[in-house]
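# Understanding the architecture of this molecule
In case you want the letters, here they are:
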Amino acid sequence: MCIPSLFLFPALLLSSASPGAELRKCVAASGAVSYQTLPCAEGSRQAWVQPVKVEAAPRPHAAPAQGAAPVRGRLPSAAGKARARGSELAQARRQRCDKARAAADELRDRLWNKLDFQQRSALDAKVARACAR
């Protein structure tokens, strides 16, 4: 074995080992959330960093759930309600929506790598129902 190959072999071994990817949750000033492997952009804050585990083989996607409840739209308000009552309803709706979003974000943060597509879709549908009423 020649001398240059003795030096190249350890270098090749070190270069083939990946340094361990990380997933970051970035929250922009507007409240928009992004998940990325690159550092967060200027003006946004990093909520957390998680190491990424590489799977040996990709898993097949699950079929959408049968009989999933449709997202209900907003019901029109009654014609004779007072403006004060309307603003109270809007405030209650905002609070319910914010609470549902916070609960979904907390669950995603806690179980970020254990939720499958169907579970994430169910979370999104639950938030949409809470925000639409």
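Before any of the text, the structure's been laid out above.
Please read all numbers here as calculations on a predicted model, not as lab measurements.

Parameters at a glance
- Residues numbered from 1 in each chain as written.
- Predicted model: local features only at pLDDT ≥ 70, side-chain atom pairs only at ≥ 80, totals over all residues.
- Heavy atoms only, no water.
- Phe/Tyr/Trp six-rings, centres within 6.5 Å; stacked < 30°, edge-to-face > 60°.
- Helix = DSSP H or I, 4+ residues; strand = E, 2+ residues; numbered from the N terminus.
- Buried < 20%, exposed > 50% of the residue type's maximum accessible area, 1.4 Å probe, protein only.
- Polar contact = N/O pair within 3.5 Å; in protein donor to acceptor, adjacent residues only side chain to side chain.
- Contact = heavy atoms within 4.5 Å.

## So, the packing of aromatic side chains
Under the defined criterion, the tally for this structure stands at one aromatic pair. Ring centres of tyrosine 35 and tryptophan 48 lie 6.0 Å apart, and the angle between their planes is 45°; on these two criteria the pair is classed as tilted. Highlighted residues: tyrosine 35 in strand S2 (residues 33–36) and tryptophan 48 in strand S3 (residues 45–51), separated in sequence by 13 residues. Judged by relative accessible area, tyrosine 35 falls into the partly exposed class, the value being 40%.

## Comments concerning the side chain of arginine 108
Residue placement: arginine 108 occurs in helix H2 (residues 83–110). Polar side-chain contacts of arginine 108 include one of 2.3 Å to the side chain of aspartate 124. Beyond its immediate chain neighbours, meaning those up to four positions away, arginine 108 contacts Tyr35, Leu115, Arg120, Leu123 and Asp124.

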